[in-house]
Amino acid sequence: MGRQRGIEILVGFFMAVGFVALFFLAMQVSNLSAAVTGDGYRLTARFSNVGSLKARSPVTMAGVRVGRVEGVSFDKDTYEAVVTLRIDSAMDRIPDDTFANVFTAGLLGEQYIGLEPGGSPEFLRDGDEIPHTQSALILEQMIGQFLFSKAGGD
Amino acid sequence: MLLEGLARLGRSGLGALERLGRAHLLLAAMLLGAGEIIRRPGLLTAQVFNIGVLSVLIIGVSGLFVGMVLGLQGHYVLAQFGAAESLGVMVATSLVRELGPVVTALLVAGRAGSALTAEIGLMKATEQLSGLEMMAVDPVRRILTPRFFGGLVAMPLLAAMFSAVGVLGGYFVGVGLLGVDSGSFWSQMQAKVDFHEDIVNGVIKSLVFGLVVTWIALFQGHDAVPTSEGVSRATTRSVVHAALAVLGLDFILTALMFGD
């Protein structure tokens, strides 16, 4: 009986340590503590070029993450990229004249969507489209334009 | 002559197919015997002890050293791009996604899987399994099922310990030894490692590996030729097959989970 009890205690300890390790991975290593996934509301935005924006890229406002990109699709009639954003439900006061930009984190970093709020008293609701957008800055295009303007200036 | 060769090829093919069928029948019998676990939880506890608790030391030490080596190597490469702060991301994703489940499964196959095969094989060779059957006790339910579920329970927990200890090992080397900033080590890791994408998929991987490793070990023991040579061959086969199955399955699972 004593040995069986000892084994049970050790197994209990083993499982507790295992669950603590999982908990550590969930809370300390991953983004579970920060991210609220699943709920929230959807907005769409149309861009003429989204660069390398992907699903799960962050959506930020004043540099703070307020949601994530849910998907990027292509509209074959207007030749535009349609980006679906999922905004956390706590962020329900985004004005309907908000500006959506595709930004790059650092020179070569990943791309994300930055929202710049306008001044309208009306707020965007689930399913609305953000009317004002600015496409991604493509480095090659910028260099090309810069060289072209230099050549034209002389 | 030609027909003889064809017949030999056919015989070996049929033999392999028959073994595969027997292995699946054994798996089905073990899964159907799950009720035995609920009736006698003591049997499961003893096997979680054998497979899990006794493997903690080797898993912990290996995890620590794998994490420390990842820290050293990762820092060497990342520092060339001026991205040493991303060390935490590299250590954590490679551990949680790949190395944790895979290395744990290989170590468990070597430490616990071989022991399971030898134990079952010897029970068969000394006719203890037949003895149980004589007493109207189903050896699959009484002997094999608790070991199977013991492995299934122990593997994800061991893999989680491996990854957690490995991340700490990478932290000691990266922050303690190489001077990476502690705050950005953790914050970049938390920003990039996703709970559902990375950690849940890692746990699913280790569950699959736990099933495969214990299944192969138990089947090889149960199917061993009941002589000392047969048991020794079965033990070798158990480790080799388990290692191959884990590495092959890991590729398939990685392609399915993170492939796009």
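In this text, all values refer to a predicted model and were calculated from it rather than measured experimentally.

### Thoughts on the pairing of strand β1 (residues 41-47) of chain A
Inference 1: When β1 of chain A meets strand β4 (residues 80-87) of chain A, the two strands line up antiparallel, connected through 7 bridges. Each residue of the ladder has a partner; that of alanine 45 of chain A, found in β4 of chain A, is valine 83 of chain A.

### Observations regarding the environment of tyrosine 112 of chain A
Residues and elements named next belong to chain A.
Inference 1: Here tyrosine 112 shows up in strand β6 (residues 111-116).
Inference 2: Counting along the chain gives 62 residues from tyrosine 112 to valine 50, while the straight-line C-alpha distance between them is 9.5 Å.
Inference 3: Other than its neighbours up to four places away in sequence, tyrosine 112 contacts Ser57, Pro58, Val59, Thr60, Phe103 and Ala105.

### Side note on unusual backbone geometry
Negative phi characterises most residues that are not glycine, and trans characterises most peptide bonds.
Inference 1: Backbone geometry places alanine 62 of chain A, a non-glycine residue, at a positive phi of 55°.
Inference 2: Along the polypeptide, alanine 62 of chain A turns up in the loop between β2 (58-61) and β3 (64-75).
Inference 3: According to the C-beta neighbour criterion, alanine 62 of chain A is exposed, with 9 such atoms within 10 Å.
Inference 4: We note that alanine 136 of chain B has phi near 60°; this positive angle belongs to a residue other than glycine.

### Some points on the interface of chain B and chain A
Inference 1: Listed as interface residues are 24 residues of chain B and, on the opposing side, 19 residues of chain A.
Inference 2: Of all the secondary structure elements, the ones that give two or more residues to the side of chain B that touches chain A are α3 (41-51), α5 (87-125), α7 (139-177), α8 (182-192) and α9 (195-222) of chain B.
Inference 3: If one sorts the elements of the side of chain B that touches chain A by residue count, α7 of chain B sits on top with 6 residues.
Inference 4: Classifying every residue of the side of chain B that touches chain A gives 17 nonpolar, 5 polar and 2 charged.

### Observations concerning the nonpolar core
Where a protein is soluble and globular, its nonpolar side chains tend to be buried together.
Inference 1: Core analysis: the largest hydrophobic core is formed by 71 residues, its most contacted members being Ala92, Leu158, Met161 and Val213 of chain B.
Inference 2: For this core, the secondary structure elements donating two or more residues are α1 (2-29) of chain A together with α3, α4 (56-80), α5, α7, α8, α9 and α10 (228-258) of chain B.
Inference 3: If one sorts the elements of this core by residue count, α7 of chain B sits on top with 19 residues.
Inference 4: Excluding residues within four positions of it along the chain, alanine 92 of chain B makes contact with Val29 of chain A together with Val167, Met189 and Val193 of chain B.
Inference 5: Counting 19 residues, the second-largest nonpolar core is a separate cluster that includes Leu43, Val50, Val69 and Ala136 of chain A.

### Some details on the packing of α5 of chain B against α10 of chain B
All names here are of chain B.
Inference 1: Where α5 contacts α10, the axes come no closer than 9 Å and their chain directions differ by 150°. On the basis of the axis angle, α5 is roughly antiparallel to α10. Both α5 and α10 take part in a crossing whose hand is right-handed.

### Some thoughts on the packing of α3 of chain B against α7 of chain B
Residue and element names in this part refer to chain B.
Inference 1: Relative orientation of the contacting elements α3 and α7 amounts to 55°, with a least axis distance of 8 Å. Taken together, the axis directions place α3 and α7 in an arrangement best described as oblique. Every pair of crossing elements has a handedness; the one defined by α3 and α7 is right-handed. The segment α3 lies against α7, with Leu43, Leu44, Gln47, Val48, Asn50 and Ile51 engaging Pro146, Arg147, Phe149, Gly150, Gly151, Val153 and Ala154.
Inference 2: Classifying every residue of the contact of α3 with α7 by side-chain character gives 8 nonpolar, 4 polar and 1 charged.

### Here's the deal with the pairing of β6 of chain A
All names here are of chain A.
Inference 1: Across 3 bridges, the pairing between β2 and β6 is parallel. Bridging across to β6, threonine 60 finds its partner in glycine 114.
Inference 2: Inspection of the sheet shows strand β5 (residues 99-104) paired to β6 by 6 bridges, in the antiparallel sense. Pairing of valine 102 across the sheet is with isoleucine 113, part of β6.

### So, the domain arrangement of chain A
Accessible area lost when the parts come together is the quantity often used to give the size of an interface.
Inference 1: Structurally, chain A comprises domain 1 (1-34) and domain 2 (41-144).
Inference 2: Relative to domain 2 of chain A, the C-alpha centre of domain 1 of chain A lies at a distance of 42 Å.

### Comments concerning α1 of chain A
Inference 1: Its 28 residues place the ends of α1 of chain A 39 Å apart at the C-alpha level, agreeing with the 40 Å of an ideal helix rising 1.5 Å per residue.
Inference 2: Buried positions along α1 of chain A lie against α3, α4, α5, α7, α8 and α9 of chain B.

### Considering the sheet that holds β6 of chain A
Inference 1: Spatially, β7-β1-β4-β3-β2-β6-β5-β8 (chain A) is the arrangement adopted by the 8 strands of the open sheet, whose pairing is mixed. A strand with exactly one partner marks an edge of an open sheet, and here the two such strands are β7 (129-130) and β8 (132-134) of chain A.

### Brief notes about α5 of chain B
All names here are of chain B.
Inference 1: Along α5, the largest kink reaches about 55° and is centred on leucine 95.
Inference 2: Burial analysis of α5 places 28 of its 39 residues in the buried class, the great majority of the element.
Inference 3: In the segment just after α5, glutamate 127 is the residue with positive phi, at about 60°.

About the thresholds
Residues numbered from 1 in each chain as written. Chains lettered and ligands numbered in written order. Predicted model: local features only at pLDDT ≥ 70, side-chain atom pairs only at ≥ 80, totals over all residues. Pairing = 2+ DSSP bridges. Helix = DSSP H or I, 4+ residues; strand = E, 2+ residues; numbered from the N terminus. Contact = placed C-beta atoms within 7 Å. Buried ≥ 20, exposed ≤ 12 C-beta atoms within 10 Å, placed from the backbone. Nonpolar A, V, L, I, M, F, W, Y, C, P; charged D, E, K, R; others polar. Core = buried A, V, L, I, M, F, W, Y, C linked by C-beta atoms within 7 Å. Axes fitted to C-alpha atoms, helices over the stretch in contact; angles between N-to-C directions. Parallel < 35°, antiparallel > 145°, perpendicular 65-115°, else oblique. Left-handed = near helix turned anticlockwise from the far one by under 90°. Domains from an automatic or database assignment. Expected span 1.5 Å × (residues − 1). Bend = angle between axes of the 7 residues up to and from the residue.

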